[in-house]
Amino acid sequence: MALPTHIELQIVTPDRMIVQEQVDEVEIPGSEGYLGVLPGHTPLLASLTVGELWYRKGQDKVYLSIAFGFAEVLPDRVTILARIAERAEDIDPARADAALQRARERVAHVAGEVDYDRARVALMKSLTRLQVSARVPGGARVGELKRARDAGRG
Ligand code: ATP
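Residues numbered from 1 in each chain as written. Predicted model: local features only at pLDDT ≥ 70, side-chain atom pairs only at ≥ 80, totals over all residues. Heavy atoms only, no water.

Caption draft 1: Up close: the overall build of the protein. The helix and strand inventory of the protein stands at 3 helices and 7 strands. Ordered by position from the N terminus, the helices and strands of the protein form the series β-β-β-β-β-β-β-α-α-α. Relative to a compact globule of 154 residues, whose C-alpha radius of gyration would be 15 Å, the protein shows 16 Å and is just as compact. In terms of principal-axis extent, the alpha carbons of the protein reach across some 55 × 35 × 25 Å. Here the protein, with 154 residues, has 36% of them falling under the buried criterion. Taking contacts inside the protein between residues at least 6 apart in sequence as the whole, the part at least 24 apart equals 52%. As displayed, the protein offers around 9000 Å² of accessible surface, 51% of which is attributable to carbon and sulfur atoms. (Helix = DSSP H or I, 4+ residues; strand = E, 2+ residues; numbered from the N terminus. Rg over C-alpha atoms; globule rule 2.2 N^0.38 Å. Buried < 20%, exposed > 50% of the residue type's maximum accessible area, 1.4 Å probe, protein only. Contact = heavy atoms within 4.5 Å. Areas by Shrake-Rupley, 256 points an atom, 1.4 Å probe, with all protein chains shown as cover.)

Written as structure tokens, this is what we have:
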């Protein structure tokens with residue numbers, strides 16, 4: 001049987017369909033690490049973490065911020081059922097930056113393990129949103145993102 005030449009990509013959240021497109025390549029933020037998918041990939045199921053997802057159509061790459069859910073990979077189809085997904089242009093960098101400041105405060109003053117996990121997730125979501133938003137003109141500026149990352153480390 002001939003190998004597929006494209007991937008039918010669907011990205012769905014509980015609220016809506018975010019992407020339904022024929023693409024050439026997808027990179028998925030799997031909980032075991034980033035997963036690169038080309039047409040003809042071996043079937044698999046993966047859980048998602050918080051991170052950047054991108055897909056490529058020809059020379060063009062499109063970036064999204066993703067948090068949790070599942071990915072089903074088939075040779076000619078990738079389905080992403082994400083708890084949260086945002087396209088770069090839909091991200092409000094000022095809101096993400098405010099969330100980052102709150103998360104940094106919480107990480108610094110957590111009482112227990114559960115609190116720490118929640119604060120860490122909030123930190124990852126805000127950093128991912130800033131990173132993805134910086135991919136589009138007029139989104140978060142790279143310098144701001146770098147400062148946010150450096151501050152998050154301190
Ligand atoms: P915040 O503290 O700013 O509300 P959050 O991480 O608690 O952020 P989530 O619970 O992850 O927010 O998301 C709730 C909803 O708000 C989702 O629909 C998500 O897409 C949207 N959202 C969160 N942050 C942003 C942002 N910076 N820009 C655009 N949409 C956002």
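Caption draft 2: Structural view of unusual backbone geometry. The backbone of Phe68 shows a phi angle near 60°, a positive value even though the residue is not glycine. If you trace the backbone, Phe68 turns up in strand S6 (residues 60-74). The class for Phe68 is partly exposed, based on a relative accessible area of 23%.

Caption draft 3: Spatial organisation of the site of the ligand. In the vicinity of the ligand, the contacting residues are Ile84, Glu86, Asp90, Ile91, Asp92, Arg95, Ala96, Arg102, Lys125 and Arg129. Here Arg102 contributes a side-chain N or O atom positioned 2.6 Å from an oxygen atom of the ligand. Isolated, the ligand exposes 590 Å² of accessible area, and the fraction of that covered by the protein chains is 64%. Among the secondary structure elements, those contributing two or more residues to the shell around the ligand are strand S7 (77-87), helix H1 (93-108) and helix H2 (113-133). Considering every element that reaches the shell around the ligand, the biggest residue donor is H1, with 3 residues. A per-class count over the shell around the ligand returns 3 nonpolar, no polar and 7 charged. (Near = heavy atom within 4 Å. Polar contact = N/O pair within 3.5 Å; in protein donor to acceptor, adjacent residues only side chain to side chain. Nonpolar A, V, L, I, M, F, W, Y, C, P; charged D, E, K, R; others polar.)

Caption draft 4: A look at the pairing of strand S3 (residues 25-30). Two strands pair when backbone bridges link them, and S3 and strand S5 (residues 44-57) are joined in this way by 4 bridges, in the antiparallel orientation. The partner of Glu25 across the bridge, within S5, is Arg56. Between the end of S3 and the start of strand S4 (residues 33-37), which pair antiparallel, lie 2 residues. (Pairing = 2+ DSSP bridges.)

Caption draft 5: Main features of the side chain of Asp24. Counting through the fold element by element, Asp24 comes out in the loop between strand S2 (17-23) and S3. Despite its burial, Asp24 remains without a salt bridge, the nearest opposite charge being carried by Arg56 at 4.2 Å. Separated by 2.6 Å, the side chain of Asp24 and the backbone nitrogen of Gly58 make a polar contact. Once residues lying within four places of it in the same chain are set aside, the contact partners of Asp24 are Thr5, His6, Ile7, Leu38, Pro39, Arg56, Lys57 and Gly58. (Lys, Arg positive; Asp, Glu negative; His and termini not counted. Salt bridge = Lys/Arg side-chain N within 4 Å of Asp/Glu carboxyl O.)

Caption draft 6: The arrangement of the packing of aromatic side chains in detail. All chains considered together, the criterion is met by 0 aromatic pairs. In this arrangement the basic side chain of Lys61 is found over the ring face of Trp54, its NZ or CZ atom lying 4.0 Å from the centre. (Phe/Tyr/Trp six-rings, centres within 6.5 Å; stacked < 30°, edge-to-face > 60°. Lys NZ or Arg CZ within 6 Å of the ring centre and 35° of its normal.)

Caption draft 7: Molecular detail of empty space enclosed by the protein. Taken as a whole, this structure holds 1 cavity of 30 Å³ or more when the rule is applied. Estimates place the volume of the largest cavity at around 40 Å³. Lining the largest cavity are Val50, Ser65, Ile66, Ala67, Ile84, Glu86, Lys125 and Arg129. Elements that contribute at least two residues to the lining of the largest cavity include exactly S6, S7 and H2. (1 Å grid on protein atoms, 1.4 Å probe; cavity = no way out; pocket = protein on both sides within 12 Å on 5 of 7 lines; lining within 4 Å. Points joined across faces, edges and corners; volume = space filled by probe spheres on them.)

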